Amino acid sequence: MPDSTPKAGPRPPSSILVTGAAGNLGREVVTRLQAHGGHVRSLVRRPIGPRAGVESVVGDLTDPAVVREALVGVDAVFLIWPLLDPAPAHDLVVELTAAGPRVVYLSTTAIDDGTARQSDPIAQVHMDMEGLLHEAGLHPVVLRSDTLASNTRGWAPQLLAGDVVSGLDIARTAVVDERDVADAAATVLLARHDRLDPALHALTGPEVLSRADQVAHLGAALGRPLRFQALPADLARSKMLADGRPEPLVDALIAASVRRPESNRVTDHVERLTGRPAGAFAKWALDHVADFG
Ligand SMILES: NC(=O)c1ccc[n+]([C@@H]2O[C@H](COP(=O)([O-])OP(=O)(O)OC[C@H]3O[C@@H](n4cnc5c(N)ncnc54)[C@H](OP(=O)(O)O)[C@@H]3O)[C@@H](O)[C@H]2O)c1
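Attention here is on the structure that accompanies the text. (Residues numbered from 1 in each chain as written. Predicted model: local features only at pLDDT ≥ 70, side-chain atom pairs only at ≥ 80, totals over all residues. Heavy atoms only, no water.)

**Points about empty space enclosed by the protein**
Taken as a whole, this structure holds one cavity of 30 Å³ or more when the rule is applied. Approximately 30 Å³ is the volume attributed to the largest cavity. As for the largest cavity, its lining consists of L17, T19, L43, L61, V67, L71, V77, L92 and L96. Of all elements in the fold, only β1 (16-19), α2 (64-71) and α3 (89-99) reach the threshold of two or more residues within the lining of the largest cavity. Here the residues of the lining of the largest cavity sort into eight nonpolar, one polar and no charged. (1 Å grid on protein atoms, 1.4 Å probe; cavity = no way out; pocket = protein on both sides within 12 Å on 5 of 7 lines; lining within 4 Å. Points joined across faces, edges and corners; volume = space filled by probe spheres on them. Helix = DSSP H or I, 4+ residues; strand = E, 2+ residues; numbered from the N terminus. Nonpolar A, V, L, I, M, F, W, Y, C, P; charged D, E, K, R; others polar.)

**Thoughts on the packing of aromatic side chains**
Both the distance between ring centres and the angle between the ring planes are used here to describe each pair of aromatic rings. Within the structure shown, the criterion is met by three aromatic pairs. Taking the centre distance of 6.3 Å and the plane angle of 40 degrees together, the rings of W155 and F228 count as tilted. Of this pair, W155 sits in the loop between β6 (141-145) and α5 (156-161) while F228 sits in strand β9 (residues 227-230), and the two are 73 residues apart along the sequence. Per residue, the accessibility class of W155 equals that of F228, and both read buried. Judged by centre distance (6.2 Å) and plane angle (75 degrees), the rings of W284 and F292 are edge-to-face. Using a relative accessible area of 0% as the deciding quantity, one classes W284 as buried. The structure contains a cluster of three or more aromatic residues connected by ring pairs, namely F281, W284 and F292. (Phe/Tyr/Trp six-rings, centres within 6.5 Å; stacked < 30°, edge-to-face > 60°. Buried < 20%, exposed > 50% of the residue type's maximum accessible area, 1.4 Å probe, protein only.)

**What to know about the pairing of strand β5 (residues 102-108)**
Buried residues dominate β5, accounting for seven of its seven residues. Along β5, one buried face is formed by R102, V104, L106 and T108 and the opposite face, lined by V103, Y105 and S107, is buried too. Relative to β5, strand β4 (residues 76-79) is paired through four bridges, and the arrangement is parallel. Paired with A76 across the two strands is R102, which belongs to β5. Taken together, β4, α3 and β5 form a β-α-β motif whose crossover is right-handed. Judged from the five bridges that link them, β5 and β6 form a sheet pairing that is parallel. If you follow T108 over to β6, its bridge partner there is S145. For the crossover from β5 across helix α4 (residues 121-135) to β6, the handedness is right-handed. (Pairing = 2+ DSSP bridges. Right-handed = clockwise from strand over helix to strand, strands pointing away.)

**What to know about the pattern of salt bridges**
On inspection of all chains with the given rule, the structure shows 18 salt bridges. The partner of E55 in a salt bridge is R41, with the nearest N and O atoms 3.2 Å apart. With a gap of 14 residues between them, E55 in strand β3 (residues 54-58) and R41 in strand β2 (residues 40-44) connect regions that are remote in the sequence. Residue class for R41 comes out buried when judged on its relative accessible area of 9%. (Salt bridge = Lys/Arg side-chain N within 4 Å of Asp/Glu carboxyl O.)

In structure tokens:
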């Protein structure tokens, strides 16, 4: 007799596609899915070294042929949208609708649900993406992530040169460890149910931090008297352009810095999904001392 008792907990699905798999978050998601022994396919723009049990499709998310190839035989997709324009996602949505996998979309807690027009352009892109996925009937599970702790790796070159991190300031927010977001994503991707209720989760860290707070935590971890120096928008703009960042991204970051409202929201959604509380940024800093030279 087959055992018809419902089984609790995750199952290894036959195939999960991870987009942005070479990125800070995507590679953590891949590691967790690998550990469950399912078949993992990554979509990357450049070939990455071989990883056991991980197949790669190399190409761009905006190329329908690449997306079609990446979706063959896939049950679930971890979807990021790293572009500043949602328009090219229409083709992606067509491919997702044809292939029919479960979609787990990585969005942002910066979205203000009280308005259709977001003052922060990055939040607007994610709101538009959520809308596109819903309107297409894809019933996405949406993980809205707070600012990832891994963003601070961008300060490493400055910290190699001295004890000051200078840059754009941005509203305080409950910075979340990308490993917690990856754990939450893996839990949802491996879930037994076709549709999860609730289908919207706001993943935050345990405390609201400014950039100066984050630099101070890094200083404590590194044993150095680090400080943050906020730059006015025009200076920060020239610095980011001189660092080689694309102009549209620089403009979006400046707009986010000026317009993103402070968020004091701390949720327990990481714990609800993973069974353990979100980690503190101070712990992230201690675990990543080696990343800062
Ligand atoms: N960082 C945050 O605080 C935060 C907060 C909320 C939501 N999010 C969302 O989470 C996503 C992942 O964050 P992250 O910190 O892991 O970003 P990340 O480290 O910059 O990784 C993004 C990845 O996307 C890839 N990518 C960029 N454009 C692509 C394209 N056109 N086609 C295919 N792949 C492309 C990049 O490829 P290459 O390696 O080739 O550059 C990179 O590996 C973000 O894009 C954002 O939408 C981020």
